[in-house]
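Here is what each chain is made of, one letter per residue.
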Amino acid sequence: MNATDRTPADLLRSALAADPGRPLVTFYDDATGERVELSVATFANWVAKTANLLQGDLGAEPGDRLALLLPAHWQSAVWLLACSSVGVVAEISGDPAGADLVVSGPDTLEQGLACQGERVALALRPLGGRFPQGPPAGYADYAVEVPGQGDRFAPFAPVNADDAGLVVGGEELSYAALTARAREDAVKLGLGADARVLTGLGYDTWDGLSAGLYGPLAAGGSVVLCRNLDRLSAQALAQRTESERVTHTV
């Protein structure tokens, strides 16, 4: 990857320039049987649309705080990269009452209502489906709002890599520090451009975020992100490892 990249959005742009057709995020939910695979180009398109939603319709600006109340999921990864594209600070499991915006999954809707700013809800259904009964009260449905957004994104204001970018486990990281730490983790794990990292860790810790998104992205590799992995038998896990050509397991 480009040694001058200083934000996650920079890393994604480099990945897109290098090989847009390769897989970047392969997601499994072993409670529902869902499998989704996103190439670099497809993932980047979702990020661009989400960043346009965030900056345009939701009025987010650099330095705004977004409480991200989502589990480890491919759509969570999209939101994290969209935040870094706009310059918004993503607070993993942050306090909605102190946030400018909140993005909630179906299990944290009541908690998210404490946010006085914009609220977006994700049903986390297969293929990014919308809520069957319509948007939850007090929320916009992400699956309804994002498809019509533009496929290209340009920030209204430049993103400063030294500004705060992520809060996880009580620790605040700038975009530059986040990117540097992801590179360090990739080296420690021996990740290269052909790496396929399978992980069942959540996104509520740095280790989970690094293994499940930032580390493989920094290395030019890809991730097999598994939710509810504990429901998979040892034999089924071995089969997945082989079929997905996994090189590293976390």
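See the structure above.
Residues numbered from 1 in each chain as written. Predicted model: local features only at pLDDT ≥ 70, side-chain atom pairs only at ≥ 80, totals over all residues. Heavy atoms only, no water.

Novice: With reference to specific residues and values, describe the overall build of the chain.
Specialist: Each helix and strand in the chain was counted, giving eight helices and twelve strands. A compact globule built from 250 residues would reach a C-alpha radius of gyration of about 18 Å, and the chain, at 17 Å, matches this within 12%. A principal-axis box enclosing the C-alpha atoms of the chain has dimensions of 45 × 40 × 35 Å. Each of the 250 residues in the chain was classed as buried or not, and the buried ones make up 54%. Considering only contacts within the chain whose residues lie at least 6 apart along the sequence, 68% involve residues at least 24 apart. (Helix = DSSP H or I, 4+ residues; strand = E, 2+ residues; numbered from the N terminus. Rg over C-alpha atoms; globule rule 2.2 N^0.38 Å. Buried < 20%, exposed > 50% of the residue type's maximum accessible area, 1.4 Å probe, protein only. Contact = heavy atoms within 4.5 Å.)

Novice: Describe the pattern of salt bridges, and please don't skip the residues or the numbers.
Specialist: Overall, the coordinates contain eleven salt bridges when judged by the stated rule. Between Arg6 and Asp162 there is a salt bridge; the shortest N-O distance is 2.8 Å. Linking Arg6 in the segment before α1 (8-18) with Asp162 in the loop between α5 (142-145) and β8 (164-168), this pair joins segments that are 156 residues apart in sequence. Residues Glu244 and Arg35 are paired through a salt bridge, measuring 3.0 Å at the closest nitrogen-oxygen approach. With Glu244 in the loop between α8 (234-243) and β12 (248-249) and Arg35 in strand β2 (residues 34-39), this residue pair connects regions lying 209 residues apart in the sequence. Connected via shared salt-bridge partners are Arg35, Glu37, Arg196 and Glu244. (Salt bridge = Lys/Arg side-chain N within 4 Å of Asp/Glu carboxyl O.)

Novice: Outline the packing of helix α6 (residues 175-189) against helix α7 (residues 206-219), supporting the account with residue identities and numerical values.
Specialist: Running from N to C, α6 and α7 point in directions that differ by 85 degrees, and their axes come no closer than 8 Å. Classified by the angle their axes make, α6 and α7 are roughly perpendicular. Here Leu178, Arg181, Ala182, Arg183, Asp185 and Ala186 of α6 come into contact with α7, specifically with Trp206, Ser210, Tyr214, Gly215, Ala218 and Ala219. (Axes fitted to C-alpha atoms, helices over the stretch in contact; angles between N-to-C directions. Parallel < 35°, antiparallel > 145°, perpendicular 65-115°, else oblique.)

Novice: Give a detailed account of the nonpolar core, specifying residues and quantitative values.
Specialist: Grouped together as the largest cluster of nonpolar side chains are 54 residues, with contacts concentrated most on Phe43, Leu54, Trp79, Leu80, Leu166 and Tyr214. Broken down by element, the residue count for this core peaks at nine residues, all from helix α3 (residues 74-86). Filtering out sequence-adjacent residues up to four positions away, Tyr214 remains in contact with Pro8, Leu80, Leu81, Leu166, Leu178, Ala182, Trp206 and Leu209. Within the second largest apolar cluster, ten residues are counted, among which are Ala67, Ala99, Leu109 and Tyr139. (Core = buried A, V, L, I, M, F, W, Y, C linked by side-chain atoms within 4.5 Å.)

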